[in-house]
Amino acid sequence: MRRIEGYVIVSADGMIADAKGVMPDSIRNDADQRFFQSALDAAAVVVHGRHSHEGGPRAARRKRLVLTRQIAGLAPDPSRPNSLLWNPFGASLEQALEASGVTDGTVAVIGGPEVFSLFLPLYDSFHLSRAANAKLPGGLPVFTEVGPHATPEDVLTRHGLKPGAQRDLDAAAGVSVATWRR
Ligand SMILES: NC(=O)c1ccc[n+]([C@@H]2O[C@H](COP(=O)([O-])OP(=O)(O)OC[C@H]3O[C@@H](n4cnc5c(N)ncnc54)[C@H](OP(=O)(O)O)[C@@H]3O)[C@@H](O)[C@H]2O)c1
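Summary of the structure given here. Since the model is a prediction, treat every value here as computed from it, not as a measurement.

1. Topic: the site of the ligand
Then comes step 1: Taken together, 24 residues sit near the ligand, with Ile-9, Gly-21, Arg-50, Ser-52 and Thr-68 positioned nearest.
Then comes step 2: Arg-50 places a side-chain nitrogen or oxygen 2.3 Å from an oxygen atom of the ligand.
Then comes step 3: In the environment of the ligand, an oxygen atom lies 2.6 Å from a nitrogen or oxygen atom belonging to the side chain of Thr-68.
Then comes step 4: Considering the ligand on its own, with 930 Å² of exposed area, one finds that the protein chains cover 83% of that surface.
Then comes step 5: According to the grid-proximity analysis, the pocket containing the ligand is the largest pocket.
Then comes step 6: When contributions to the shell around the ligand are tallied by element, the ones reaching two or more residues are β1 (2–11), β2 (15–17) and α3 (113–118).
Then comes step 7: Ranked by residue count, the leading element in the shell around the ligand is α3, at three residues.
Then comes step 8: Here the residues of the shell around the ligand sort into 13 nonpolar, eight polar and three charged.

What follows is the structure, encoded as structure tokens:
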């Protein structure tokens, strides 16, 4: 069985990076990283845009689809052996997964904003971590629809997902996660 799951950590105001497009230390958290990295270890494939990457010592082992408009559909990734470049305009998700040799398991979507947004109709689950003590005004929102009148939660609700209980990952740092499910 295949599942599509999103993973993100946002600031109190729903941002994944600052106004320069950089993910700052104020939203990085060790407990969240452990949660995130072990979920990716269990995933069949990791999906992200050309400027995102989860990093960490096990990243090279993971199958990967990297979104870019620089190719027509699907192409080998010259910088990473387990990775394919993918332009959804020219190749479907099914074709991309088939080319990666992925038939079942979790497709883990890890950003950035356009990629998180592209998958909104498809998520089975979305794991929304929040660093409640950090604000990133003018930063990059988790979804392109997030703005002064729409929080990440509003957007997930609009797209048919419902929240699970909020769990502390690091109470002292104000970091928690809630899993939204369709
Ligand atoms: N807090 C978090 O959990 C989190 C999560 C993810 C990312 N981030 C941070 O966010 C920043 C990166 O953000 P970003 O907006 O630059 O995101 P990105 O999605 O990683 O990269 C954007 C690039 O991906 C490609 N792309 C995106 N959507 C596409 C589509 N529909 N079709 C084809 N290609 C597509 C394009 O590549 P081409 O230019 O090659 O066409 C685009 O320029 C980094 O600082 C990263 O650390 C934080």
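Once you've had a look at it, read on.
2. Some points on the nonpolar core
Then comes step 1: With 34 residues, the main nonpolar core has Val-47, Trp-86, Phe-119, Tyr-123, Phe-126, Val-142 and Phe-143 as its most contacted residues.
Then comes step 2: Excluding residues that lie within four positions of it along the chain, Phe-126 makes contacts with Gly-6, Val-8, Phe-116, Val-142, Phe-143, Leu-156, Ala-178, Thr-179 and Trp-180.
Then comes step 3: Counting residues in each nonpolar core, the second largest holds 10 residues, with Tyr-7, Phe-36, Leu-40 and Val-46 among its members.

3. Re the pairing of strand β4 (residues 64–67)
Then comes step 1: On β4, burial covers both faces: Arg-64 and Val-66 on one face and Leu-65 and Leu-67 on the other are all buried.
Then comes step 2: Relative to β4, strand β3 (residues 45–49) runs parallel, the two sharing four bridges. Within β4, the residue paired with Val-47 across the bridge is Leu-65.
Then comes step 3: Inspection of the sheet shows β4 paired to strand β6 (residues 83–86) by four bridges, in the parallel sense. Opposite Leu-67, over in β6, you have Trp-86 as the bridge partner.

Calculation notes
Residues numbered from 1 in each chain as written. Predicted model: local features only at pLDDT ≥ 70, side-chain atom pairs only at ≥ 80, totals over all residues. Heavy atoms only, no water. Near = heavy atom within 4 Å. Polar contact = N/O pair within 3.5 Å; in protein donor to acceptor, adjacent residues only side chain to side chain. Areas by Shrake-Rupley, 256 points an atom, 1.4 Å probe, with all protein chains shown as cover. 1 Å grid on protein atoms, 1.4 Å probe; cavity = no way out; pocket = protein on both sides within 12 Å on 5 of 7 lines; lining within 4 Å. Sits in = over half its atoms within 2 Å of the grid points. Helix = DSSP H or I, 4+ residues; strand = E, 2+ residues; numbered from the N terminus. Nonpolar A, V, L, I, M, F, W, Y, C, P; charged D, E, K, R; others polar. Core = buried A, V, L, I, M, F, W, Y, C linked by side-chain atoms within 4.5 Å. Buried < 20%, exposed > 50% of the residue type's maximum accessible area, 1.4 Å probe, protein only. Contact = heavy atoms within 4.5 Å. Pairing = 2+ DSSP bridges.

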